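# Descriptive analysis of the structure
Spelled out, the chains give:
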Amino acid sequence: MKAEHEEEIHEGKEHSTDGREWETKLTPKRISRRRLLASIGLAGAGACMTVAGAYGASASSVAESVYAGSTPENDSRLHPRKPGPWIDITQPPYNARPGGSYDNSAIFQQAVNDAAGEGGKIYVPSGDYLVANGFTIDKNYLTLEGTGKLVLGRHISLLADGFRCSGLRFKALNTSSQIRGIQAETALIGRSIGRITIHNCEFEQFFYATNFRGTESYPIRDIVVEGCRSIAPVGVNAGHFQNLCTINTYYSGNACYNGQNATSYNFFGGNGKIKIVGNYDFNNSYGSCEIENSPGAEVIISSNNFDRQLWIDDSSTVVIDGNIIKERIFVTVQDNDCKSVIISNNIADRIYVDKFSTYRAGKIKNLEVCHNELVGPGGWGIFIRGTYTEACRIVENRIAPGFTSGSIGIVRDPGLDLEISRNEVNGLVLFSSTGGAIRLYGNRNHTLSGNHDVPTLERLYQSSGTRLNVADRKVFQSQTIRAASGSAGSASFAIDPAAAGSGKAVKLTFTGCVQHPAPLFDAAEQTVILSNHSGAFHVSAGALTKISGNAATDFTTHFQLNAEMTELIVTITNAGTAALAVSVSCIEHAAVHVPV
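Let us look at the structure shown here. Remember, it's a predicted structure, so these values are computed and weren't measured experimentally. Sequence order sets the numbering: in each chain, residues are counted from 1 along the sequence as written. Since the coordinates come from a predicted model, pLDDT governs what is reported: local features require at least 70, and pairs of side-chain atoms require 80 or more to be given and counted, while whole-chain, interface and lining totals use all residues. The basis for the side-chain values is all heavy atoms of the structure; hydrogens and waters are excluded.

## A look at the packing of aromatic side chains
A pair of Phe, Tyr and Trp rings is counted when the ring centres sit within 6.5 Å of each other, with Trp represented by its six-membered ring. The angle between the planes then sorts it: under 30 degrees is stacked, over 60 is edge-to-face, the rest tilted. This model, assessed by the stated rule, comprises 17 aromatic pairs. With a centroid separation of 5.7 Å and an interplanar angle of 40°, the aromatic rings of Y352 and F383 are classed as tilted. Linking Y352 in strand β29 (residues 347-355) with F383 in strand β32 (residues 380-385), this pair joins segments that are 31 residues apart in sequence. For the pair formed by Y352 and F383, the shared burial category is buried. With 4.7 Å between their ring centres and 55° between their planes, Y359 and Y388 make a pair best called tilted. One end of the pair, Y359, is in the loop between β29 and β30 (364-370); the other, Y388, is in the loop between β32 and β33 (391-395), and 29 residues separate them in sequence. By relative accessible area, Y359 is classed as partly exposed at 29%. Between buried and exposed lies partly exposed: a residue is buried under 20% and exposed over 50% of the maximum accessible area for its type, with that area taken using a 1.4 Å probe on protein chains only. Residue classification places Y388 among the buried positions, given a relative accessible area of 12%. Helix and strand definitions here come from DSSP, where helices need a minimum of 4 consecutive H or I residues and strands a minimum of 2 consecutive E residues; each element is numbered from the N-terminal end.

Written out as structure tokens, the structure reads:
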């Protein structure tokens, strides 16, 4: 088990020296439907009023009526700053040249410089525009839109608040220079920036499509990246969306293709309040998503379709729910605690919990693994290394047959507190090492192996639905026997056959009730000894002891084993004059063997 798991670990986390990235989302303010209908001026059945009629002759358009004299472009309710006029990058005095051969870097930079101080807008018509040296956006609330493609030899440097980019396509000039598409670095300006929206854009052949690099003192806040597509070069080191020290980031509806040695959706160090919802990733050999070194992360990862690994390392308060992940979900510690992680309702290959690389500090605490479908392949369906785990619940998961090492592998440790319950295991549950508080019950289709001794496990429960093992006792579900006056009724309890040279006690409790003419109740106890003398089975019953001794509830008992010696058949004969109902409870005690 250890060798196989360590081989898995070594798939892990060799980072490029470049770092990681991120993003966030702003939601545009919506127009009131009621106000819109009012502005159109619908009145009466089939009546139609012009906008001018509804709002007076001064309103010359629907937009003017809805916005009370303002258009959507300059309405301050939709834009935090009043926007300036549009700059068409192809019109004088800029005259950008599409075609891919003329370097338009200076033209784009001049357009940014000429844009309004806050709220400038640059439009890029269709065509391929070579921008060999990139350009810098240092104007707040700048909008960059259009249908054109920017071929970048260097990244677009983002150093201002409120940037919005929509509809454009970006392509790296080459795949050898590790070019980023859009890069924000707060260390260059010594302050935080935020309110960044990248919407419906395409990125091709970049080392990273977006690279958001904040610092602990100056994080980047409120980032939205949605509806974008990024295609990395095949066989070249590349990721897609990189985040460092970002707060309140939102990735939704994006699609990533290819990549190696860098994760597609990557959050590395100091990130918080992350939402990764409804994204797609395909063919990144390193991994699809990683949240790393973010102790206060607060992460929701939901409804994604990931082709490769999802990795949580040294990060806390994480919900991974409702994803399809075609490799493992990996939770690790190296330097910090990893607390309050919920992994639920996913379809994944497998789930592993361990340390990463050279361990220095931290524990995995309050880990919940529930309602997942684990389909393989892999060594283990679920693997937990208790050395680095303090509290964990594995509940109501379904593990497909066929894992090479077993369905569940547990490395025990004195500090481990673990519950494994109500899982469809379909294979081996293996415990190695010793110690810890383990609760194991209600699981189906499994075999136990390794160090699962009852005293060290505290309580070993095994339930079949009709019985429950508690330490060395088997408690059966109660059954009710009914018998008319002078008649008999029976019930069977499945027991463990007594081995040769052994005997065991079965204690029975009876609760009887008759209508005579008012209801009368009584209770009784009886102990039965089941023994095996060299293959000959014997049943010996002790005295039946009643509580009240009322003659109306009198009954006698008889016990026998079935032919296979696997069921104790309890028969009750009603000795009273009224119909009798008796509830029978049964406890089977552990067997004792003849001393040798």
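Next comes the rest of the write-up.
## As for the pattern of salt bridges
Salt bridge, as applied in this entry: a Lys or Arg side-chain nitrogen positioned within 4 Å of an Asp or Glu carboxyl oxygen. Under the counting rule described, the total for this entry stands at 18 salt bridges. For the salt bridge of R398 with E373, the shortest nitrogen-to-oxygen distance reads 3.8 Å. Of the two residues, R398 sits in strand β34 (residues 398-399) while E373 sits in strand β31 (residues 373-374), which places them 25 residues apart along the sequence. Residue class for E373 comes out partly exposed when judged on its relative accessible area of 33%. Note that E424 and R444 form a salt bridge whose closest N and O atoms lie 2.9 Å from each other. Taken together, the residues E424 in strand β37 (residues 424-432) and R444 in strand β39 (residues 444-450) connect sequence positions 20 residues apart. Classification of R444 as partly exposed rests on a relative accessible area of 39%. Overlapping salt bridges bring together D307, R308 and E327 as one network.

## Some words on a nonpolar patch on the surface
A patch consists of residues whose relative accessible area exceeds 30% and which take part in no salt bridge; residues with like charges are grouped when within 9 Å of each other, and nonpolar side chains (Val, Leu, Ile, Met, Phe, Trp, Tyr) when within 5 Å. Under the convention used here, a 1.4 Å probe and the Shrake-Rupley method define accessible areas, while residue burial counts only the protein chains that appear. Taken together, I300, V319 and I342 make up a surface patch of nonpolar side chains, about 210 Å² in accessible area. The topology assignment puts V319 in strand β26 (residues 318-321). Residue V319 is classed as partly exposed on the basis of its relative accessible area, which comes to 31%.

## Overview of the nonpolar core
Soluble, globular proteins show a tendency: their nonpolar side chains are buried together. Definition used in this section: a nonpolar core is a set of buried Ala, Val, Leu, Ile, Met, Phe, Trp, Tyr and Cys residues joined via side-chain atoms within 4.5 Å. Within the largest apolar cluster, 89 residues are counted, with the highest numbers of intra-cluster contacts made by F163, F170, I198, I291 and I301. By size, the runner-up hydrophobic cluster in this structure holds 24 residues, among which are I481, I495, V506 and A578.

## Quick look at unusual backbone geometry
Going from P92 to P93, the amide bond is cis rather than trans, its omega being 5°. Structurally, P93 is set in the loop between β1 (86-88) and α5 (105-114). In the segment running from G376 into P377, the intervening peptide bond is cis, with an omega of 5°. Position of P377 among the secondary structure elements: in the loop between β31 and β32. The backbone phi angle of N293 is positive, close to 55°, even though this residue is not glycine. Positionally, N293 belongs in the loop between β22 (289-292) and β23 (299-302). The exposure class assigned to N293 is partly exposed, which follows from its relative accessible area of 24%.

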